[in-house]
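Structure at a glance
Spelled out, the chains give:
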Amino acid sequence: MYAIISAGNKQYRVSQGETIYIDKVNQEDGSAISFDVLMVENNGEIKVGNPTVAGATVEGKVVAQVKGEKIMIYKYKSKKNYHRRQGHRQPYTKVEITAINA
């Protein structure tokens, strides 16, 4: 059994027990979070929502607030002695999927 959910304008394919990283959500560690379901598959039966499946939800638990790997941004203009270097780490929320209610 799996479901397609939407979080932070991105779509994720999840099943029970998985851990996913979504864009940062302001919730404390250990709190419950619920997602709307775009599509659900249960024993070969597929239900597709328009835009969401009525009555279906995915429950999860916020595990931690984490940051992704550092990426380096480097700007320069040739022959003008202009160089700028900057790093960035994207904040994510680590979520463990606890149940799929279809």
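Look a little higher up for the structure.
The following paragraphs examine the structure supplied in this document. (Residues numbered from 1 in each chain as written. Predicted model: local features only at pLDDT ≥ 70, side-chain atom pairs only at ≥ 80, totals over all residues. Heavy atoms only, no water.)

**Some thoughts on the environment of M72**
Along the chain, M72 falls in strand β7 (residues 71-77). With residues near it in sequence (within four places) discarded, M72 still touches R85, Q86 and G87. (Helix = DSSP H or I, 4+ residues; strand = E, 2+ residues; numbered from the N terminus. Contact = heavy atoms within 4.5 Å.)

**What to know about unusual backbone geometry**
Backbone torsion omega between N50 and P51 reads 0 degrees, so that peptide bond is classified as cis. Within the chain, K79 stands out as a residue other than glycine whose phi angle is a positive 65 degrees. Topologically, K79 is positioned in the loop between β7 and β8 (82-88). Taking relative accessible area as the criterion, K79 reaches 82% and is therefore assigned exposed. Even without a glycine there, the phi angle at N81 is positive, about 55 degrees. Here N81 lies in the loop between β7 and β8. Taking relative accessible area as the criterion, N81 reaches 71% and is therefore assigned exposed. (Buried < 20%, exposed > 50% of the residue type's maximum accessible area, 1.4 Å probe, protein only.)

**Some thoughts on the packing of aromatic side chains**
In this description, a pair of aromatic rings is defined by centroid distance and the angle of the planes. Applying the stated rule across the entire model yields one aromatic pair. Above the ring of Y2, the side-chain terminus of R13 is found at 3.9 Å from the ring centroid. (Phe/Tyr/Trp six-rings, centres within 6.5 Å; stacked < 30°, edge-to-face > 60°. Lys NZ or Arg CZ within 6 Å of the ring centre and 35° of its normal.)

**A short note on the nonpolar core**
Ranked by size, the top nonpolar core spans 18 residues in total, and within it V14, I20, F35 and V58 carry the most contacts. Of the residues forming this core, the biggest block, four residues, is contributed by strand β4 (residues 32-42). (Core = buried A, V, L, I, M, F, W, Y, C linked by side-chain atoms within 4.5 Å.)

**As for the environment of D23**
By the element assignment, D23 lies in strand β3 (residues 19-23). D23 sits 54 residues away from K77 along the chain, and the two C-alpha atoms are 33 Å apart. Excluding residues within four positions of it along the chain, D23 makes contact with G8, K10, Y12, P91, Y92 and T93.

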